[in-house]
Amino acid sequence: MISTKTMKMLVAGAALGLTASAALAETNLRVFVSSQHRPDVWRKAFDMYQEARPDVKITIETGGNTSEQQAQYLNTVMTAKDSSLDVMILDVIRPAQYAAAGWTVPFNAVIGGDIGLYMKSYLPAYAEANTVDGKVVALPAFADAMFLYYRKDLLEKHGVEPPTTWDELAAAAKKITAAENDPNLQGLSFQGKAIEGAVCTFLLPYWSMGKNLVSEGKLTFDKEAAVKALKLWKDFVDAGVAKKNIAEVATDDTRKEFQAGNVVFAVNWSYAWGQFQGAESAVKDKVGVVKLPAVAGGEPVSCLGGWEWGVSAYSKNATEAANFVQFLSSPKISKFMAVNAALLPQFPEVYTDPEVTKAVPWFAEAKPVVETARARPVTPRYNEVSEIIRTTVNAVLAGTMTPEDGASQMEARLRRVLR
Ligand code: GLC
């Protein structure tokens with residue numbers, strides 16, 4: 001007897017003009033998704049593809065709670081030329097590097113026609129990050145930027161407006177935590193662990209002072225601004241606004257602490273919102289989101305994030321994988337992920353889609369933040385640049401290095417990498 005599943009496959013296969021045997025032949029695609037970016041919701045998007053294409057079976061693999069842990073894993077897979085992984089999600093800082101290593105297959109042939117025009121449908125920063133020498137090396141999965149999350153209920157209760165400068169934030173945090181007198185309540189949580197996110201921790205105030213780190217491939221390090229940037233974060237710890245062990249805090253730790261109701265202000269990426277509004281959250285409907293504060297006298301700046309789908313050069317199903325990625329990197333799935341996981345859209349028009357603004361009201365205002373967010377330096381030696389910055393931020397916050405020594409060492413080490 002023919003099972004219902006087989007029947008469904010045959011019917012769908014016939015709809016696609018496939019013969020019975022082709023409809024039954026399965027292509028297995030194995031897809032790597034970062035574990036903090038809602039693999040549960042991606043699974044549903046993958047199921048939509050499987051429903052339309054019953055001849056394709058998609059398996060999810062997740063791992064690593066931070067960008068560099070994921071990169072470490074993928075580097076191992078790619079170095080081993082392992083063909084078991086077909087598609088992988090990559091932090092926006094990596095597609096160019098993966099392409100240079102020969103680890104991904106360009107999409108040009110699958111896209112066909114005018115590549116520039118095709119990429120124009122995305123926000124410009126992502127078209128740029130994924131195009132290397134005319135080759136489309138990955139396709140955008142979702143956009144990202146850093147925001148200031150705050151406890152709407154607590155700010156209202158204590159008559160405090162969302163801060164626009166870091167000084168205002170310190171004052172607001174002190175006022176609220178003093179009045180609440182709750183030993184578990186932190187004023188501010190941000191990322192001080194030596195993770196990729198700590199590169200943005202350093203750059204946020206540094207950029208806010210109007211400084212560039214790299215211009216046209218050359219280091220343009222402003223030591224005074226670097227000292228101030230490092231000191232800004234360390235002062236939060238010394239003033240008791242941030243907790244003593246902030247040097248151990250990674251992105252998802254900030255998310256969890258805020259979600260448990262133990263934080264007034266948090267610096268984080270867009271995915272956190274979906275979790276704050278989830279069933280297991282202690283802060284559901286109590287959360288506000290605004291752009292990040294500026295350094296007094298400076299401009300508010302965010303750090304550009306985002307994730308991209310790449311097809312492995314070792315995949316045995318590269319064309320099928322690329323077709324699947326085109327489906328994922330579409331306005332339809334972008335909207336689905338915005339509504340169900342609060343991942344920021346890579347397409348400008350999705351930000352103001354009524355269903356999206358209903359599910360995530362602040363996304364309409366998030367678009368200018370993403371559009372003006374600054375990218376981390378683009379250089380083939382980014383891994384080293386990242387390592388230098390994040391370990392220094394971490395050491396300063398752990399109290400094993402002064403901001404002055406941190407800035408000096410950062411400059412000397414960066415000079416050796418970016419001459
Ligand atoms: C977010 C961003 C990504 C960034 C990472 C750092 O996931 O989207 O670009 O590198 O956080 O922790």
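Preceding block: the structure.
Residues numbered from 1 in each chain as written. Predicted model: local features only at pLDDT ≥ 70, side-chain atom pairs only at ≥ 80, totals over all residues. Heavy atoms only, no water.

### Things to note about the overall build of the protein
- The secondary structure content of the protein amounts to 20 helices and 12 strands.
- Against the globule reference of 22 Å for 419 residues, the protein gives a C-alpha radius of gyration of 23 Å, in line with a compact fold.
- When the backbone C-alpha atoms are referred to their principal axes, the protein occupies close to 70 × 50 × 35 Å.
- When each of the 419 residues of the protein is scored for burial, the buried share is 55%.
- With the model as given, the accessible surface of the protein reaches about 17,600 Å², and the carbon-plus-sulfur share is 52%.
- Side-chain charges of the protein comprise 44 positive and 46 negative groups, with the mean position of each set lying 2 Å from the other. (Helix = DSSP H or I, 4+ residues; strand = E, 2+ residues; numbered from the N terminus. Rg over C-alpha atoms; globule rule 2.2 N^0.38 Å. Buried < 20%, exposed > 50% of the residue type's maximum accessible area, 1.4 Å probe, protein only. Areas by Shrake-Rupley, 256 points an atom, 1.4 Å probe, with all protein chains shown as cover. Lys, Arg positive; Asp, Glu negative; His and termini not counted. Charge placed at Lys NZ, Arg CZ, Asp CG, Glu CD.)

### With respect to the nonpolar core
- The biggest cluster of nonpolar side chains holds 143 residues, and the ones touching the most others in it are Trp 42, Phe 202, Phe 236 and Trp 309.
- Among the elements that line this core, the one with the most residues is strand β6 (residues 139-151), at 10 residues. (Core = buried A, V, L, I, M, F, W, Y, C linked by side-chain atoms within 4.5 Å.)

### Things to note about the side chain of Glu 68
- In this fold, Glu 68 is placed in helix α4 (residues 67-79).
- The buried charged residue Glu 68 lacks any salt bridge, with Arg 390 as its nearest oppositely charged partner at 5.2 Å.
- What Glu 68 contacts, discounting residues up to four positions off in sequence, is Arg 94, Ile 195, Glu 196 and Arg 390. (Salt bridge = Lys/Arg side-chain N within 4 Å of Asp/Glu carboxyl O. Contact = heavy atoms within 4.5 Å.)

### Brief notes about the site of the ligand
- Contacts to the ligand come from His 37, Asp 91, Val 92, Asp 144, Glu 196, Gly 197, Thr 251, Trp 269, Gly 305, Gly 306, Trp 307 and Arg 376.
- Take Gly 306: an N or O atom from its main chain is 3.0 Å from an oxygen atom of the ligand.
- For the ligand, whose accessible area on its own is 310 Å², the fraction buried by protein is 97%.
- Top element by residues in the shell around the ligand is strand β12 (residues 304-311). It accounts for 3 residues.
- Split into classes, the residues belonging to the shell around the ligand amount to 3 nonpolar, 5 polar and 4 charged. (Near = heavy atom within 4 Å. Polar contact = N/O pair within 3.5 Å; in protein donor to acceptor, adjacent residues only side chain to side chain. Nonpolar A, V, L, I, M, F, W, Y, C, P; charged D, E, K, R; others polar.)

### Points about the pattern of salt bridges
- Counted by the stated rule, this structure contains 21 salt bridges.
- The partner of Glu 257 in a salt bridge is Lys 243, with the nearest N and O atoms 2.5 Å apart. With Glu 257 in helix α13 (residues 251-259) and Lys 243 in the loop between α12 (223-238) and α13, this pair connects stretches of sequence that are 14 residues apart.
- With its nearest N and O atoms 2.9 Å apart, the salt bridge here joins Arg 415 to Glu 411. Note that Arg 415 and Glu 411 are positioned in helix α20 (residues 403-417) at a spacing of 4 residues, about one turn of the helix.
- Each of Arg 53, Asp 55 and Glu 320 takes part in salt bridges that share partners, so that together they form one network.

### Overview of helix α3 (residues 39-52)
- The terminal C-alpha atoms of α3 lie 20 Å apart, and with 14 residues this matches the ideal 20 Å at 1.5 Å per residue to within 8%.
- Within α3, burial applies to Pro 39, Val 41, Trp 42, Ala 45, Phe 46 and Tyr 49. What you see down the axis of α3 is that its buried residues fit within an arc of 160 degrees, all on one side. Opposite the buried face of α3, at more than 90 degrees from it, the exposed residues are Lys 44 and Glu 51. (Expected span 1.5 Å × (residues − 1). Arc of directions from axis to C-beta.)

### Quick word on the environment of Val 249
- Within the fold, Val 249 resides in the loop between α12 and α13.
- Residues Val 249 and Lys 44, spaced 205 residues apart in sequence, show a C-alpha to C-alpha distance of 30 Å.

### Observations regarding the packing of α3 against helix α16 (residues 331-341)
- For the pair α3 and α16, the least separation of the axes is 10 Å and the interaxial angle reads 150 degrees. One element, α3, and the other, α16, form an angle in the roughly antiparallel class. Crossing angle aside, the handedness with which α3 passes α16 is right-handed. Only Lys 332, Ile 333, Phe 336, Met 337, Asn 340 and Ala 341 of α16 make contact with α3, whose side of the interface consists of Val 41, Trp 42, Lys 44, Ala 45 and Met 48.
- Residues belonging to the contact of α3 with α16 are distributed by class as follows: 8 nonpolar, 1 polar and 2 charged. (Axes fitted to C-alpha atoms, helices over the stretch in contact; angles between N-to-C directions. Parallel < 35°, antiparallel > 145°, perpendicular 65-115°, else oblique. Left-handed = near helix turned anticlockwise from the far one by under 90°.)

Read these as geometric descriptors, not functional statements.
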